[in-house]
Structure formats: C-alpha cells, structure tokens
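# A structural walkthrough
What follows is each chain in one-letter form.
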Amino acid sequence: MMTTTSYLFALFIYWLAAAVGCRFLYAMVFRHLSPIWSGATTGLVAGLLLVPSYAAADATTLAPALITGVFNLLFAGGMEAAVGAFLMLFLGAVVGVIVGIITVRLSTSRPSQQ
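Keep in mind that what you see is a predicted model, and the values were worked out from it rather than measured.

## Some remarks on the packing of aromatic side chains
Counting across every chain of the model gives 1 aromatic pair. Aromatic pair Phe-71 and Phe-75: ring centres 5.7 Å apart, planes at 50°, arrangement tilted. Here Phe-75 and Phe-71 lie together in helix 3 (residues 65-75), a separation of 4 residues that amounts to about one turn.

The following block contains the structure:
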C-alpha cells in the first residue's frame, strides 16, 4: 500500500508528465492549426489527461479519469461503474477546451516577442 507522501508524489509526477506531453503536442502538432483550434485541441487533450476521479464509490484516493473509466467499463461492472469517471472526463474536456481557447485569445492579443 502506498503512503500518503508517495501517493501525492506519484500523482504530481503523472500531472507533470501529462502537462509536458500536452506542451509537446502543442509545439509539434497543434501549432500548425489556427490559434483557436490549436488552443481548443491542446485544452481538450489536457482535460482528458489531467482530470482525476475516484476509482470506486468507496475509494478515498484519486486516479486519472481516463484510466479509471476504461478499466471500470471493461473490468468492474460495465457502464454503471464507469459513469462517474466518464462524467468527470467530459467536464474536464469541456473546461480544458474553454481554458485553451481563453489562453490562446489572451496570448495572441499581445504583440509577439519573436
């Protein structure tokens, strides 16, 4: 069983890796799109990767909602068990798209320093 410190450290490392991966995706793939689409797709990917959810109704620890939803759907009771994780995943994707668009709008309103 993980201690609280090791659990928080592992969750932080996961979030850091997902954020760095989203930044790389933006720099290599999404930058070639229009600014609004690049912000929206980067926010969508970040929302899908970074949203946590509880693995079960009685769980006290969080896990990535994408992994929790897929595992609950396939191995732990079907759609009834996965609805909570997929709801959190949907909300995270919507918030990610909104934050991505707002971030791009704010960054393109200033003159570029390049």
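Don't stop here, the text continues.
## Quick word on helix 1 (residues 4-28)
Its 25 residues place the ends of helix 1 36 Å apart at the C-alpha level, agreeing with the 36 Å of an ideal helix rising 1.5 Å per residue. Within helix 1, the full set of buried residues consists of Tyr-7, Leu-11, Ala-18, Cys-22 and Tyr-26. For helix 1, the elements touching its buried residues are helix 2 (35-50) and strand 2 (62-64).

Criteria and cut-off values
Residues numbered from 1 in each chain as written. Predicted model: local features only at pLDDT ≥ 70, side-chain atom pairs only at ≥ 80, totals over all residues. Heavy atoms only, no water. Phe/Tyr/Trp six-rings, centres within 6.5 Å; stacked < 30°, edge-to-face > 60°. Helix = DSSP H or I, 4+ residues; strand = E, 2+ residues; numbered from the N terminus. Expected span 1.5 Å × (residues − 1). Buried < 20%, exposed > 50% of the residue type's maximum accessible area, 1.4 Å probe, protein only. Contact = heavy atoms within 4.5 Å.

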